[in-house]
Protein chains: 2
Amino acid sequence: MTSTSTASSLHDHHSHVHATPDGIYLISPSGAVADPASLDLAKSRLGELGFKTTVDRSALEVHQRFAGTDKQRLAGIARAIKQPLPIVMATRGGYGLSRLLPLIDWQAAADSNKIFIGQSDFTVFNLALLATTGAISYAGPTAIFDFGNKKMDDLTAALFVETLSEELEILSFEAPDADPVDARGILWGGNLAMVASLLGTPWMPQIDGGILFLEDVGEHPFRIERMLTQLWHSGVLARQNAIVLGRFTDYRLAAHDNGYNLDAVVTWLRATVKVPVITGLPYGHVKIKATLPIGKKVGIATEDGMAHLVLHEHA
Amino acid sequence: MTSTSTASSLHDHHSHVHATPDGIYLISPSGAVADPASLDLAKSRLGELGFKTTVDRSALEVHQRFAGTDKQRLAGIARAIKQPLPIVMATRGGYGLSRLLPLIDWQAAADSNKIFIGQSDFTVFNLALLATTGAISYAGPTAIFDFGNKKMDDLTAALFVETLSEELEILSFEAPDADPVDARGILWGGNLAMVASLLGTPWMPQIDGGILFLEDVGEHPFRIERMLTQLWHSGVLARQNAIVLGRFTDYRLAAHDNGYNLDAVVTWLRATVKVPVITGLPYGHVKIKATLPIGKKVGIATEDGMAHLVLHEHA
């Protein structure tokens, strides 16, 4: 994977400065933070990258498996919307946002113009915000699993900084198995289980001609296929201009799978849905992950075994 | 649990005879049969119960994890619809029906007046048939896991025979944790993961005032809650007259669940959805299981720690 930033000399007729938003407010809307030291490490790492950080006062709460009661987590989200720092980042994923969706003030979230970022469980935050307001938010690193990781991935950090500052115009990655495509559309998606969990609900964005990206962790290929089938049967897949697959990791095949695996699922997907499928997106429950603007119109093209996701086109 | 059959003396003014349909056609629409000997045992057991059996010629096929290719399994279903035996039983569940749903002739299935029965993956067959035609089919034992089990449960077998013959009028079971209820409605549901996998698709029945029963296996309580949340957010739960929970089995809690468990999910469900919740239904991935008519109007009432599911009311 390479990240391509157009050299400033090529567009110096544009006078705007790419300033990185420099403050991050950390919240825990999903699972409890197991190790507060990892959050300290994340704050330190984010500081080295030039971000000042504030941790919401309930970010370290613990109730059952959650980072506090529903009321505490909702209050944390509400405080994040009102406070002055421009970026709101989830400390981690887990499970917990689904049941909060009807109780979040989405219009206030959109009106705040905050840069909301998280992944995994956070997918339903991204998509509910998009469905209700059309506002853009981000899928990308979380404080603990990325910046609080002892072996932080430098490229993940660089992509985070460059994407939020809009310096990164094109995300290029190796995609030897990609179908030919040259399309534009709204980028959306995230964790497949969370995307599928919104089908039939008011929180599912209705995106035509979109570029849908998906990843998952700990899901056997038959579950991945079942969730893709639900998206297929509901008409979602056929309405997209491209399906971009990130990493599907940490599942275990059994002897009785008898040759059925993730490749078989992708083969079935291609035979079933007449939409270009691009594999290889550096995104998922893995160390190297892109920062992706959900709800933004982007482009995608493949050429010579590479895929190019055009995240930002200067006017 | 007790099964209550109204003694014939109490309604001998009805002249109709409760004849058990006596022939079973066995198909494998989902996972491959791993051990053909278990199917032989099932045939023997079903024979002792008075059923003659015919095994579809592709029921023992194996393709990847499936009981044959999609084409083979579809052909098996089509043959089952056309052949003369009155009951069509799945040999087992697994995974595989989801992607076949658009390719099954549902009207032919309904017009055949066959008694279709299966469980788990078969839930989507039950519900798609109901959604497209309104026809009744059954959730209940499968050949291999119930009748082919070395320790077959006699009550499961008795309930199967008595329900299909409509001798069983009321299924009573211990439900000490049931909300008070006295309601009637269409009985529907089955495996929770399979029910949720139909949300947003044309195969999801639109049932108002129904009695929704659910079970699952190998799903952590947070996944059970997430699927219930999807049913809640989609408006399905609020439209039911009762939610009846069978057995949720074979999951493992972790230390970080920290007190979160299935009881916590049921507590949350009751606080969230204003519909009576009845627990204790003898149904699920367990040996003792009722045979349940999906799509049939039934009654449910609770009294003194017992729940009574009225399956058949004589006219």
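Anything mentioned here points back to the structure above.
We now turn to the structure provided with this report. Bear in mind that the values here come from a model prediction, so they are computed numbers and not experimental data.

## Focus: the overall build of chain A
Reasoning step 1: For chain A, the helix and strand inventory stands at nine helices and 14 strands.
Reasoning step 2: For 315 residues, the compact-globule estimate of 2.2 N^0.38 gives 20 Å, and the C-alpha radius of gyration of chain A, at 19 Å, lies within 12% of that figure.
Reasoning step 3: With respect to the principal axes defined by its C-alpha atoms, chain A has extents near 55 × 50 × 35 Å.
Reasoning step 4: Within chain A, buried positions represent 60% of all 315 residues.
Reasoning step 5: Long-range contacts, defined here as pairs at least 24 residues apart, represent 81% of the contacts in chain A between residues at least 6 apart.
Reasoning step 6: Summed over all atoms, the accessible surface of chain A reaches about 12000 Å², with 52% contributed by carbon and sulfur.
Reasoning step 7: With 26 positive and 33 negative side-chain charges, chain A shows a spacing of 9 Å between the two charge centroids.

## Examining empty space enclosed by the protein
The gaps left among the atoms become clear once a water-sized probe is rolled over them.
Reasoning step 1: Under the criterion given, the structure shown has seven cavities of 30 Å³ or more.
Reasoning step 2: As a volume, the largest cavity reaches approximately 250 Å³.
Reasoning step 3: What lines the largest cavity is a set of 16 residues, and nearest its centre among them are Arg226(A), Met227(A), Ala193(B), Arg226(B) and Met227(B).
Reasoning step 4: When contributions to the lining of the largest cavity are tallied by element, the ones reaching two or more residues are helix 7 (192–196) and helix 8 (221–233) of chain A together with helix 7 (192–196) and helix 8 (221–233) of chain B.
Reasoning step 5: Looking at the lining of the largest cavity residue by residue, the class counts come to six nonpolar, four polar and six charged.

## Quick word on the packing of helix 8 of chain B against helix 9 (residues 262–272) of chain B
Residues and elements named next belong to chain B.
Reasoning step 1: Interaxial distance between helix 8 and helix 9 falls to 9 Å at its minimum, and their mutual angle equals 15°. The angle between the axes of helix 8 and helix 9 places the two elements in the roughly parallel class. Between helix 8 and helix 9 the crossing geometry is right-handed. In this structure, helix 8 uses Pro 221, Ile 224, Glu 225, Leu 228, Thr 229 and Trp 232 to contact helix 9, whose residues at the interface are Leu 262, Val 265, Trp 268, Leu 269 and Thr 272.
Reasoning step 2: Its residues placed into classes, the contact of helix 8 with helix 9 shows eight nonpolar, two polar and one charged.

## Quick notes on the nonpolar core
Taken as a class, soluble globular proteins show a tendency for nonpolar side chains to be buried jointly.
All names here are of chain B.
Reasoning step 1: Judged by nonpolar contacts, the single largest core of 85 residues is most densely connected at Leu 171, Ile 278 and Leu 292.
Reasoning step 2: Lining this core are residues from two domains, each supplying at least three of them: domain 1 (20–164) and domain 2 (170–310).
Reasoning step 3: Setting aside its immediate chain neighbours within four residues, Ile 278 contacts Phe 173, Ala 175, Ala 178, Asp 179, Val 181, Ala 242, Ile 243, Val 244, Leu 245, Ile 300, Thr 302 and Ala 307.

## Considerations on the relation of the copies chain A and chain B
Reasoning step 1: Mapping chain A onto chain B calls for a screw motion: a turn of 180° about the axis and a shift of 0.0 Å along it, with 0.0 Å RMSD after fitting. On the angle and the small slide along the axis, the relation comes out as a two-fold axis. Rotation axis and chain A: the residue whose C-alpha lies nearest the axis is Gly200(A), separated from it by 2.2 Å.
Reasoning step 2: Interface overlap between copies: 100% of the residues of chain A at the interface are likewise at the interface in chain B, consistent with a symmetric, same-surface contact.

## Considering the interface of chain A and chain B
Reasoning step 1: If you look at the interface, chain A gives 38 residues, while chain B gives 38 residues.
Reasoning step 2: If you sort the residues of chain A by the area they bury against chain B, Arg65(A), Arg226(A) and His233(A) come out on top, with a joint share of 23%.
Reasoning step 3: There are six salt bridges connecting chain A and chain B.
Reasoning step 4: Linking Arg99(B) and Glu225(A) is a salt bridge whose minimum nitrogen-to-oxygen distance equals 2.9 Å.
Reasoning step 5: At the boundary of chain A with chain B, the tally comes to 20 residue pairs in polar contact (both at pLDDT 80 or more).
Reasoning step 6: Among the elements that make up the side of chain A that touches chain B, the one with the highest residue count is helix 8 of chain A (eight residues).
Reasoning step 7: Looking at the side of chain A that touches chain B residue by residue, the class counts come to 17 nonpolar, 14 polar and seven charged.

## Brief notes about the pattern of salt bridges
Reasoning step 1: Throughout the structure, instances matching the rule amount to 22 salt bridges over all chains.
Reasoning step 2: Note that Asp70(A) is salt-bridged to Arg73(A), the shortest N-O span being 2.4 Å. Note that Asp70(A) and Arg73(A) are positioned in helix 2 (residues 70–82) at a spacing of three residues, about one turn of the helix.
Reasoning step 3: With relative accessibility at 21%, the residue Asp70(A) sits in the partly exposed group.
Reasoning step 4: Arg223(B) is paired through a salt bridge with Glu219(A); the nearest N and O atoms lie 3.0 Å apart. In this pair, Arg223(B) sits in helix 8 while Glu219(A) sits in the loop between strand 9 (211–217) and helix 8, so the two residues belong to two different chains. Across the pair, exposure class does not vary: Arg223(B) and Glu219(A) are buried alike.
Reasoning step 5: In this structure, a network of salt bridges that share partners links the residues Asp70(A), Arg73(A), Arg99(A) and Glu225(B).

Rules of the game
- Residues numbered from 1 in each chain as written.
- Chains lettered and ligands numbered in written order.
- Predicted model: local features only at pLDDT ≥ 70, side-chain atom pairs only at ≥ 80, totals over all residues.
- Heavy atoms only, no water.
- Helix = DSSP H or I, 4+ residues; strand = E, 2+ residues; numbered from the N terminus.
- Rg over C-alpha atoms; globule rule 2.2 N^0.38 Å.
- Buried < 20%, exposed > 50% of the residue type's maximum accessible area, 1.4 Å probe, protein only.
- Contact = heavy atoms within 4.5 Å.
- Areas by Shrake-Rupley, 256 points an atom, 1.4 Å probe, with all protein chains shown as cover.
- Lys, Arg positive; Asp, Glu negative; His and termini not counted.
- Charge placed at Lys NZ, Arg CZ, Asp CG, Glu CD.
- 1 Å grid on protein atoms, 1.4 Å probe; cavity = no way out; pocket = protein on both sides within 12 Å on 5 of 7 lines; lining within 4 Å.
- Points joined across faces, edges and corners; volume = space filled by probe spheres on them.
- Nonpolar A, V, L, I, M, F, W, Y, C, P; charged D, E, K, R; others polar.
- Axes fitted to C-alpha atoms, helices over the stretch in contact; angles between N-to-C directions.
- Parallel < 35°, antiparallel > 145°, perpendicular 65-115°, else oblique.
- Left-handed = near helix turned anticlockwise from the far one by under 90°.
- Core = buried A, V, L, I, M, F, W, Y, C linked by side-chain atoms within 4.5 Å.
- Domains from an automatic or database assignment.
- Least-squares fit on C-alpha atoms with pLDDT ≥ 70 in both.
- Buried area = accessible area lost by both parts, 1.4 Å probe.
- Salt bridge = Lys/Arg side-chain N within 4 Å of Asp/Glu carboxyl O.
- Polar contact = N/O pair within 3.5 Å; in protein donor to acceptor, adjacent residues only side chain to side chain.

Distances and angles like these do not, on their own, reveal function.
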